[in-house]
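The primary structure of each chain is shown beneath.
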Amino acid sequence: MFHWLRDHRRKKILQEPFPVQWQEILEEKVRHYSFLNLEEKDRLQQLIQVFVGEKKFEGCNDLKVTDEIRVVIAAEACMLILGLPNDLYPGLITLLVYPSTVVVPPPQQNVFTQNPFVERSETAIYGQAFHRGPVILVWDEVKRGARYPESGHNVVYHEFAHLLDMESGSANGTPRLHSRDQYRTWAKVFTEGFLLLRRKSDKGEKTFLDSYGALNEAEFFAVATEYFFDRPMQMEKKRKALYDVLAGFYQQDTAGRQRRSKNDD
Ligand SMILES: [Zn+2]
């Protein structure tokens, strides 16, 4: 019954054409959108339409939520699930958007908001994700990440990777994979990658992935996801095994896509 309702509602949402203004926002503000082929662009637009139709965006600290905010955030959240049979982050209802980096008071803990991820530090955050709770994002940081994607930092990719991780039942750095073989390879490659990052960052050595990923396995997956989408060609070159398992999970060849787009330029 609920399924039918939802599908019916989604069909209705998708009967509306994708707004021209939204198209312009994607082209001007979301650099990764230009890397997609036509089919992927179509699929992303559909996901965005439903995402914006279903999720509640709340502006905090006097931030007025505009179409630009909705579309940029939805585009990046949906970029992660472009190749997945994901039901548009079913546990997520509300996104809280702050204008710039802020100190966010810890929300009250209850059974629905376990496992909060407090990013970077407790005093200044760029984003936070809660299991079956809200996602908190800082708009300044989102905007920067969308426009300059090759930094390797993208708070939307990071937080929504946490959501995919949590959908598997526990936030342990392993999302729901597609086969038993994949779990085996994933465990091997991710353990090796995580321990390498931890060893290097403990010694204060330069690391390919941000050393924030050495905090725990969940952060490692979120940080690796940021690199997989932001710096895929470098990742393919330097961390081939990690790139391959992520490509297998996300069902996207982000490096190939970036190469094609660079050749077209
Ligand atoms: Zn995190």
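Note that the coordinates shown come from a computational prediction; the quantities given were computed from them, not determined experimentally.

Calculation criteria
Residues numbered from 1 in each chain as written. Predicted model: local features only at pLDDT ≥ 70, side-chain atom pairs only at ≥ 80, totals over all residues. Heavy atoms only, no water. Helix = DSSP H or I, 4+ residues; strand = E, 2+ residues; numbered from the N terminus. Buried < 20%, exposed > 50% of the residue type's maximum accessible area, 1.4 Å probe, protein only. Contact = heavy atoms within 4.5 Å. Areas by Shrake-Rupley, 256 points an atom, 1.4 Å probe, with all protein chains shown as cover. Salt bridge = Lys/Arg side-chain N within 4 Å of Asp/Glu carboxyl O. Core = buried A, V, L, I, M, F, W, Y, C linked by side-chain atoms within 4.5 Å. Phe/Tyr/Trp six-rings, centres within 6.5 Å; stacked < 30°, edge-to-face > 60°. Lys NZ or Arg CZ within 6 Å of the ring centre and 35° of its normal. Arc of directions from axis to C-beta. Axes fitted to C-alpha atoms, helices over the stretch in contact; angles between N-to-C directions. Parallel < 35°, antiparallel > 145°, perpendicular 65-115°, else oblique. Nonpolar A, V, L, I, M, F, W, Y, C, P; charged D, E, K, R; others polar. Pairing = 2+ DSSP bridges.

### What to know about the overall build of the protein chain
Part 1: Helices and strands together make up the secondary structure of the protein chain, namely eleven helices and five strands.
Part 2: Within the protein chain, the proportion of its 265 residues that are buried is 48%.
Part 3: In the protein chain, the proportion of contacts linking residues at least 24 apart, taken out of those at least 6 apart, comes to 65%.
Part 4: Here the protein chain displays about 13500 Å² of accessible surface, and carbon together with sulfur accounts for 51% of that area.

### Things to note about the pattern of salt bridges
Part 1: The tally for this structure, following the rule as stated, stands at eleven salt bridges.
Part 2: Taking the shortest distance from any N to any O, the salt bridge between Asp-181 and Arg-184 comes out at 2.5 Å. Taken together, the residues span about one helical turn, with Asp-181 and Arg-184 both in helix α7 (residues 180–202) at a distance of three residues.
Part 3: What makes Arg-184 exposed here is its relative accessible area of 55%.
Part 4: Residue Lys-240 pairs with Asp-244 through a salt bridge whose shortest N-O separation is 2.9 Å. Pair noted here: Lys-240 and Asp-244 are both in helix α10 (residues 240–250), with a separation of four residues, about one helical turn.
Part 5: Using a relative accessible area of 36% as the deciding quantity, one classes Asp-244 as partly exposed.

### A word on the side chain of Arg-257
Part 1: If you trace the backbone, Arg-257 turns up in helix α11 (residues 254–264).
Part 2: Those residues in contact with Arg-257 that lie beyond four places of it in its chain are Phe-35, Leu-36, Glu-40, Leu-82 and Gln-252.

### Some details on the nonpolar core
Part 1: If you look at the biggest cluster of nonpolar residues, it comprises 75 residues, and the most contacted ones within it are Phe-51, Phe-160 and Tyr-250.
Part 2: Apart from the residues within four sequence positions on either side, Tyr-250 is in contact with Leu-80, Gly-83, Leu-84, Ala-161, Leu-164, Phe-221, Thr-225, Phe-228 and Phe-229.
Part 3: Listed in part, the seven residues of the second largest apolar core include Tyr-98, Ile-125, Phe-130 and Val-138.

### Considering the packing of aromatic side chains
Part 1: Per the stated rule, a full pass over the model turns up 19 aromatic pairs.
Part 2: Counting every residue linked through ring pairs, the aromatic cluster contains Tyr-157, Trp-186, Phe-190, Phe-194, Phe-220, Phe-221, Phe-228, Phe-229, Tyr-243, Phe-249 and Tyr-250.
Part 3: Across the ring face of Tyr-33, the terminal group of Lys-41 is positioned such that the distance to the ring centre comes to 5.1 Å.

### Remarks on helix α2 (residues 20–29)
Count 3.6 residues to each turn of an α-helix, and residues three or four apart come out pointing the same way.
Part 1: Among the residues making up α2, those that are buried are Trp-22, Ile-25 and Leu-26. For α2, the arc enclosing every buried residue in end-on projection is 100 degrees, short of the 170-degree limit, so these residues lie on one face. Along α2, exposed side chains directed more than 90 degrees from the buried face belong to Val-20, Gln-21, Glu-27 and Glu-28.

### Side note on the packing of helix α8 (residues 217–230) against α10
Axis angle and axis distance: for two packed helices, these are the angle between their axes and the distance between the axes, and together they describe the pair.
Part 1: Relative orientation of the contacting elements α8 and α10 amounts to 90 degrees, with a least axis distance of 11 Å. Considering the angle they form, α8 stands roughly perpendicular to α10. Packed against α8, whose contacting residues are Phe-220, Phe-221, Ala-224, Thr-225, Phe-228 and Phe-229, the element α10 presents Leu-242, Tyr-243, Leu-246, Ala-247, Phe-249 and Tyr-250 at the interface.
Part 2: By residue class, the composition of the contact of α8 with α10 is eleven nonpolar, one polar and no charged.

### A few points about the environment of Ala-255
Part 1: For Ala-255, the position within the fold is in helix α11.
Part 2: Counting along the chain gives 26 residues from Ala-255 to Phe-229, while the straight-line C-alpha distance between them is 8.2 Å.
Part 3: Every residue in contact with Ala-255, bar those within four places of it in the chain, is listed here: Pro-232, Met-233, Glu-236 and Tyr-243.

### Some thoughts on the pairing of strand β2 (residues 94–98)
Part 1: Judged by how many residues are buried, β2 sits mostly within the fold: five of five residues are covered.
Part 2: On β2, burial covers both faces: Thr-94, Leu-96 and Tyr-98 on one face and Leu-95 and Val-97 on the other are all buried.
Part 3: Alignment of strand β1 (residues 56–59) against β2, held across four bridges, turns out to be parallel. Looking at β2, one finds that Glu-58 is bridged to Leu-96.
Part 4: Judged from the four bridges that link them, β2 and strand β5 (residues 135–138) form a sheet pairing that is parallel. Directly across from Tyr-98, in β5, lies its bridge partner Val-138.

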